[in-house]
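# What the coordinates show
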Amino acid sequence: MDTVVSGIRSTGNLHLGNYFGAIKNFLRMQKENNCYFFIADYHALTTHPKPADLHGNIKQVLAEYLACGIDPDAATVFIQSDVPEVSELYLLLNMNAYVGELERTASFKEKIRKQPDNINAALLTYPVLMAADIIIHKANKVPVGKDQEQHLEMTRKFARRFNMMYEVNYFPEPDAYNFGQQLVKIPGLDGSGKMGKSEGNGIFLSDTPQEIKKKVMRAVTDTGPTTPGQELSEPVKNLFTIMNVVSDQDTVKFFADKYASCEIRYGDMKKQLAEDIIKFTEPIRIRINDILSDNKYLSKVVAEGAEKARASASKTVREVREIIGYRPF
Ligand code: TRP
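Just so you know, these numbers come straight off a predicted model, no measurement behind them.

The rules behind these values
Residues numbered from 1 in each chain as written. Predicted model: local features only at pLDDT ≥ 70, side-chain atom pairs only at ≥ 80, totals over all residues. Heavy atoms only, no water. Near = heavy atom within 4 Å. Polar contact = N/O pair within 3.5 Å; in protein donor to acceptor, adjacent residues only side chain to side chain. Areas by Shrake-Rupley, 256 points an atom, 1.4 Å probe, with all protein chains shown as cover. Helix = DSSP H or I, 4+ residues; strand = E, 2+ residues; numbered from the N terminus. Nonpolar A, V, L, I, M, F, W, Y, C, P; charged D, E, K, R; others polar. Buried < 20%, exposed > 50% of the residue type's maximum accessible area, 1.4 Å probe, protein only. Right-handed = clockwise from strand over helix to strand, strands pointing away. Pairing = 2+ DSSP bridges. Salt bridge = Lys/Arg side-chain N within 4 Å of Asp/Glu carboxyl O. Axes fitted to C-alpha atoms, helices over the stretch in contact; angles between N-to-C directions. Parallel < 35°, antiparallel > 145°, perpendicular 65-115°, else oblique. Left-handed = near helix turned anticlockwise from the far one by under 90°. Contact = heavy atoms within 4.5 Å. 1 Å grid on protein atoms, 1.4 Å probe; cavity = no way out; pocket = protein on both sides within 12 Å on 5 of 7 lines; lining within 4 Å. Points joined across faces, edges and corners; volume = space filled by probe spheres on them. Expected span 1.5 Å × (residues − 1). Bend = angle between axes of the 7 residues up to and from the residue. Core = buried A, V, L, I, M, F, W, Y, C linked by side-chain atoms within 4.5 Å. Domains from an automatic or database assignment.

## Re the site of the ligand
Taken together, 13 residues lie around the ligand, and Arg9, Tyr126, Met130, Asp133 and Gln148 are the ones closest in. A distance of 2.9 Å separates an oxygen atom of the ligand from a polar side-chain atom of Arg9. Gln148 places a side-chain nitrogen or oxygen 3.0 Å from a nitrogen atom of the ligand. In isolation the ligand offers 370 Å² of accessible surface; the protein chains occlude 91% of this area. Among the secondary structure elements, those contributing two or more residues to the shell around the ligand are strand S1 (3-9), strand S2 (34-40) and helix H7 (126-135). Considering only residue class, the shell around the ligand consists of seven nonpolar, four polar and two charged.

Right under this line is the structure:
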């Protein structure tokens, strides 16, 4: 049995890309492994959310996770900031993380470009906190998308470096959880790139049917195929990719055939796509709202999750302190 850790920042509602790119696989993983799923609300501070918004954001993502089927009885579901041990391990790991390597991290360089007015030190050490999240539970598997691969590589490096420095074989070097064929990258509706929180191209699990219809009908397409068998443009390919995960295979085939014979009407395709997305998200949206209104349930979930996560985390921190050389008087 593997120990798996995965975190998601509480910086926006979950979208179809989160679901089909990750969460759907978590539902299977949680049955077969020792999983830790948490809301990365320390990481969320790097973008300076307002105090008035922070709690609501965390609660929303938690409710959405649970509504998708993440099961707190099967996995350890917790809030990062409920486990202060992670901040201690983060501090200790920072001693062996080098500014040069942190400055070379792709995500940091991207942040410098994207938010030049807020290049805080926690952005620089973001990979160290992420490493602490992972190795504090001695995870050996981390489900990561392409954009997190480098962070996982750094986690391995920090784990290895700790082991070498103190001549121990303490932290395992975690591998990427391999989804094999099941890893789908969900594109946005704006023609190119993947669905993202900040790109404004996403369909959220909490969107109402009306919102979904509006977004899908506005999705970018092209002027239509003119020769039979013509290759698909990226925006149209993207619509098919989404259709592939939410619609029946017969439906996908119907529109693929229409495309191949140049008879496709994108309006019809979008109408069908919107309908199928709604069929998929509507039960989840209803569950999100039910869970959000059940504060007793939510507080029980986070209390139990924190207790389980802290049991594992405090053991690691205790042992790490000992390895480093702290001794009781
Ligand atoms: N950095 C991840 C992201 O932006 C979130 C994250 C934080 C994470 N800690 C983690 C993911 C630990 C996996 C494991 O998506």
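There's plenty left to go through after this.
## Some points on the environment of Ala52
Structurally, the position occupied by Ala52 is in helix H2 (residues 51-68). The exposure class of Ala52 is exposed, given its relative accessible area of 71%. Linking Ala52 and Leu14, residues 38 residues apart in sequence, is a C-alpha distance of 20 Å.

## What to know about the pairing of S2
Of all seven residues in S2, six are buried, a share of seventy percent or more. Once you follow S1 into helix H1 (residues 16-32) and on to S2, the crossover reads as right-handed. Judged from the four bridges that link them, S2 and strand S3 (residues 76-79) form a sheet pairing that is parallel. Looking across to S3, one finds that Tyr36 is bridged to Thr76. Crossover connection from S2 via H2 to parallel S3: handedness right-handed.

## Quick notes on the pattern of salt bridges
Evaluation of the coordinates by the stated rule reveals 17 salt bridges. Among the ionic pairs, Arg156 bridges to Glu173, the shortest N-O distance being 3.4 Å. Of the two residues, Arg156 sits in helix H8 (residues 149-165) while Glu173 sits in the loop between H8 and strand S5 (175-176), which places them 17 residues apart along the sequence. Looking at Glu173, the relative accessible area reads 28%, which means it is partly exposed. Note that Arg265 is salt-bridged to Asp268, the shortest N-O span being 3.6 Å. Each of Glu153, Arg156, Arg160, Glu173 and Asp175 takes part in salt bridges that share partners, so that together they form one network.

## Overview of the packing of H2 against helix H12 (residues 266-292)
Direction vectors running N to C along H2 and H12 enclose 130°, while the axes themselves pass 8 Å from each other. Taken together, H2 and H12 sit at an angle that is classed as oblique. Where H2 crosses over H12, the handedness of that crossing is right-handed. Residues Lys59, Gln60, Ala63, Glu64, Leu66, Ala67 and Cys68 of H2 form the contact with H12, whose participating residues are Ile284, Arg287, Ile288, Ile291 and Leu292. A breakdown of the residues in the contact of H2 with H12 according to their chemical character gives eight nonpolar, one polar and three charged.

## With respect to empty space enclosed by the protein
Applying the stated criterion across every chain yields a total of one cavity of 30 Å³ or more. One number sums up the size of the largest cavity: a volume of about 50 Å³. For the largest cavity, the full set of lining residues is Phe38, Phe78, Gln80, Val83, Val86, Asp133, Ile136 and His137. In terms of residue class, the lining of the largest cavity is built from five nonpolar, two polar and one charged.

## Looking at the packing of helix H9 (residues 209-217) against H12
Where H9 meets H12, the axes come as close as 9 Å, and the angle between the chain directions of the two elements is 150°. In terms of orientation, H9 and H12 fall into the roughly antiparallel class. For the element pair H9 and H12, the recorded crossing hand is right-handed. Residue-level contacts link Pro209, Ile212, Lys213, Val216 and Met217 of H9 to Gly267, Lys270, Lys271, Leu273, Ala274, Ile277, Ile278, Thr281, Glu282 and Arg285 of H12. Taken together, the residues of the contact of H9 with H12 break down into eight nonpolar, two polar and five charged.

## Considerations on helix H13 (residues 295-324)
End to end, H13 covers 41 Å across 30 residues, agreeing with the expected 44 Å (1.5 Å per residue, within 8%). Along its length, H13 reaches its greatest deviation from straightness, about 25°, at Arg310. Among all positions of H13, only Leu298, Val301, Val302, Gly305, Ala306, Ala309, Ser312, Ala313, Thr316, Val317 and Val320 are buried. In the segment just after H13, Gly325 is the residue with positive phi, at about 120°.

## Structural notes on the nonpolar core
Counting residues in each nonpolar core, the largest one holds 57 residues, and the members touching the most others are Leu16, Tyr65 and Ile277. A total of nine residues in this core trace back to one element, the largest contributor, which is H12. The residues that make up this core include at least three from each of domain 1 (3-184 + 295-324) and domain 2 (209-289). For Ile277, the contacting residues outside a window of four places in its chain are Leu16, Ile203, Ile212, Val216, Ile242 and Val246. Ranked by size, the runner-up nonpolar core spans 39 residues in total, among them Val86, Leu123, Tyr170 and Val320.

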